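Observations on chain architecture
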Amino acid sequence: MSRIFNFSAGPATLPLEVLEEAQRELTDYQGSGMSIMEMSHRGKHYDAVHQEALLNFRELLQVPESHEILFLQGGATTQFCQVPMNLRGEGQVADYINSGSWSKKAIGEAKAFGKVNVAADCGSEIPTRQARQEELQLSEGAAYLHCCSNETISGAQIMEFPKIEAPLVCDMSSDILSRSLNVSDFGLIYAGAQKNLGPSGVALVIIDKELALRAPETVPSMLRYQTHIEKQSLYNTPPTFGVYILCLVSRWLKEQGGLSAIQEVNERKALKLYDAIDASDFYSGTALPEFRSRMNVTFRLPSEELEKQFVSEAAALGMDGLKGHRSVGGIRASIYNAFPEAGVEALVSFMKDFAAKA
Ligand SMILES: *Cc1c(COP(=O)(O)O)cnc(C)c1O
């Protein structure tokens with residue numbers, strides 16, 4: 001066994017148990033004589049996986065009957081255009097919070113073919129942060145308000161979601177299933193799978209069924225939420241292997257005790273790293289303390305030279321993926337659900353050693 005501690009921001013580490021199970025079943029899925037990715041998506045084996053995944057996510061997130069769960073393709077990035085295409089009416093404005101790189105991308109797409117109001121803009125501030133309720137400048141009759149619950153690059157996470165009249169739409173790509181959530185507060189939630197759910201390519205979408213009916217007739221079938229609601233995400237061939245891994249991850253999460261249990265572990269893991277940052281003058285956190293992400297812990301060292309050295313020495317010790325995103329630099333430790341606590345402890349111990357000798 002030569003697994004290392006993989007701090008990559010995404011695609012990211014998956015539970016070892018899940019990988020091992022997929023490996024055991026890879027060439028002969030439950031006596032079918034073939035792999036799950038070689039069989040019909042309309043057959044009984046795949047259908048059971050698809051239905052179980054839907055059921056497990058419904059249970060884990062306590063998704064109410066008013067909302068549908070979808071497995072779509074094109075990652076979270078396709079949602080950047082699919083959301084405004086479906087939810088914003090002719091001439092209507094959509095409110096967006098700019099809290100960093102990912103929300104900025106969502107705003108760019110929405111602006112390309114309709115009206116956008118940036119309701120708060122803290123996306124370029126350092127220390128990084130999320131917007132506060134009192135600074136929101138909402139438009140009257142907005143189609144929705146879009147936010148990003150966890151800015152994966154800057155390491156700033158929403159701790160309290162905005163309370164508004166319009167439907168709330170949230171990009172939860174990097175913190176979905178990491179904590180308890182009240183799904184009925186949201187009109188639409190979406191997440192690319194490769195951080196907390198499984199392999200890249202699948203997007204999990206949870207949508208209030210009423211909202212899906214808003215889509216103008218010009219939206220093509222594949223990009224229309226209603227199409228996938230009516231066909232339970234089996235309108236065309238879904239990303240079957242991806243959904244299968246999502247199913248295994250959902251089982252794993254249930255075994256961990258569900259969202260409140262994993263939230264506790266996530267908070268503990270993050271706190272260990274933030275304590276190590278705060279315990280020395282050598283490290284400084286990138287995000288304002290009240291918005292510090294439990295998924296992507298971002299920090300700086302006194303110089304870029306030292307940051308480079310930090311990343312390469314950590315890699316030599318089996319800790320990979322610590323280099324911050326190319327747009328902001330610094331260090332980023334991504335510690336999603338499946339990232340082991342032992343890896344956090346290894347990093348904390350390395351941080352102490354590194355600071356002491358630098
Ligand atoms: C990774 C990420 C995305 C992009 O996901 P893709 O699957 O590559 O399209 C969007 N939003 C956030 C918050 C992310 O972390």
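Residues numbered from 1 in each chain as written. Predicted model: local features only at pLDDT ≥ 70, side-chain atom pairs only at ≥ 80, totals over all residues. Heavy atoms only, no water.

1. Details of the sheet that holds strand β2 (residues 67-73)
The pairing of strands in a sheet comes from backbone hydrogen bonds and takes either a parallel or an antiparallel form. In spatial order, the strands read β2-β10-β9-β8-β5-β3-β4; together these 7 strands make up an open sheet with mixed pairing. Strands at the two margins of the open sheet, each flanked by one partner only, are β2 and β4 (115-121). Between one strand axis and the next, the sheet turns by 20° as a mean value, whatever way the strands run. In the sheet, strand β5 (residues 145-148) pairs with strand β8 (residues 168-171) via 4 bridges, with the strands oriented parallel. Residue pairing in the sheet places cysteine 147 in a bridge with cysteine 170 of β8. (Pairing = 2+ DSSP bridges. Helix = DSSP H or I, 4+ residues; strand = E, 2+ residues; numbered from the N terminus. Axes fitted to C-alpha atoms, helices over the stretch in contact; angles between N-to-C directions.)

2. Description of the nonpolar core
Across soluble globular proteins, nonpolar side chains have a tendency to be buried as a group. If you look at the biggest cluster of nonpolar residues, it comprises 52 residues, and the most contacted ones within it are Phe57, Phe71, Phe161, Ile176, Leu177, Leu197 and Tyr244. At 9 residues, the largest contribution of residues to this core is made by helix α7 (residues 240-255). Setting aside chain neighbours within four positions, we find phenylalanine 161 in contact with Gln133, Cys147, Ser149, Leu168, Cys170, Met172, Arg179, Leu181 and Phe186. Ile277, Phe310, Ala333 and Val344 belong to the second largest nonpolar core, which has 27 residues in total. (Core = buried A, V, L, I, M, F, W, Y, C linked by side-chain atoms within 4.5 Å. Buried < 20%, exposed > 50% of the residue type's maximum accessible area, 1.4 Å probe, protein only. Contact = heavy atoms within 4.5 Å.)

3. Re the packing of aromatic side chains
What the rule picks out here adds up to 17 aromatic pairs. Pairing phenylalanine 7 with phenylalanine 339 gives two aromatic rings, centres 4.4 Å apart and planes at 40°, and the pair type is tilted. Taken together, the residues phenylalanine 7 in the loop between β1 (5-6) and α1 (16-25) and phenylalanine 339 in the loop between β14 (331-334) and α10 (341-357) connect sequence positions 332 residues apart. For phenylalanine 7, a relative accessible area of 0% translates into the label buried. The buried category is assigned to phenylalanine 339, whose relative accessible area is 2%. Ring centres of phenylalanine 310 and phenylalanine 354 lie 5.3 Å apart, and the angle between their planes is 80°; on these two criteria the pair is classed as edge-to-face. Taken as a pair, phenylalanine 310 in helix α9 (residues 304-316) and phenylalanine 354 in helix α10 lie far apart in primary sequence, 44 residues in all. In this structure, phenylalanine 310 and phenylalanine 354 share a single accessibility class: buried. (Phe/Tyr/Trp six-rings, centres within 6.5 Å; stacked < 30°, edge-to-face > 60°.)

4. Considerations on the domain arrangement of the protein chain
Each assigned domain of the protein chain is listed here: domain 1 (17-256) and domain 2 (258-357). For domain 1 versus domain 2, the separation of C-alpha centres amounts to 27 Å. Taken together, the contacts link 29 residues of domain 1 with 25 residues of domain 2. Summed over both partners, the interface of domain 1 with domain 2 comes to about 2300 Å²; 57% of that surface belongs to carbon and sulfur atoms. Our enumeration of links across domain 1 and domain 2 arrives at 1 salt bridge. At the junction of domain 1 and domain 2, the tally comes to 15 residue pairs in polar contact (both at pLDDT 80 or more). Going through the elements one at a time, β7 (156-157) and α7 are the ones with two or more residues in the side of domain 1 that touches domain 2. At 3 residues, α7 tops the list of elements feeding residues into the side of domain 1 that touches domain 2. Its residues placed into classes, the side of domain 1 that touches domain 2 shows 10 nonpolar, 13 polar and 6 charged. (Domains from an automatic or database assignment. Buried area = accessible area lost by both parts, 1.4 Å probe. Salt bridge = Lys/Arg side-chain N within 4 Å of Asp/Glu carboxyl O. Polar contact = N/O pair within 3.5 Å; in protein donor to acceptor, adjacent residues only side chain to side chain. Nonpolar A, V, L, I, M, F, W, Y, C, P; charged D, E, K, R; others polar.)

5. Description of the sheet that holds strand β12 (residues 296-300)
Spatially, the 3 strands line up as an open sheet ordered β11-β12-β14, and their pairing is antiparallel. Since the sheet does not close on itself, it has two edges, and those belong to β11 (284-285) and β14, each with one partner. As paired strands, β12 and β14 are joined by 4 bridges and run antiparallel to one another. Directly across from phenylalanine 299, in β14, lies its bridge partner isoleucine 331.

6. Side note on the packing of helix α8 (residues 258-278) against α10
What describes two packed helices is the angle between their axes and the distance between those same axes. Here α8 crosses α10 at 5°, and the two axes come no closer than 10 Å. Judged on the interaxial angle alone, α10 and α8 are roughly parallel. Between α8, through Val265, Arg268, Lys269, Lys272, Leu273, Ala276 and Ile277, and α10, the contact on the second element is made entirely by Glu341, Val344, Glu345, Leu347, Val348 and Met351. Residue composition of the contact of α8 with α10, by class: 8 nonpolar, no polar and 5 charged. (Parallel < 35°, antiparallel > 145°, perpendicular 65-115°, else oblique.)

7. With respect to the site of the ligand
Thr77, Thr152, Asp171, Gln194 and Lys195 are the nearest of the 13 residues found near the ligand. Threonine 152 is positioned with one of its side-chain polar atoms (N or O) 2.5 Å from an oxygen atom of the ligand. Between the ligand and the protein, one listed contact pairs a nitrogen atom with a side-chain N or O atom of aspartate 171 at 2.7 Å. Coverage of the ligand by the protein chains reaches 87% of its 390 Å² of free accessible surface. Here the element with the most residues in the shell around the ligand is helix α3 (residues 75-87); it accounts for 4 residues. Taken together, the residues that form the shell around the ligand break down as 4 nonpolar, 7 polar and 2 charged. (Near = heavy atom within 4 Å. Areas by Shrake-Rupley, 256 points an atom, 1.4 Å probe, with all protein chains shown as cover.)

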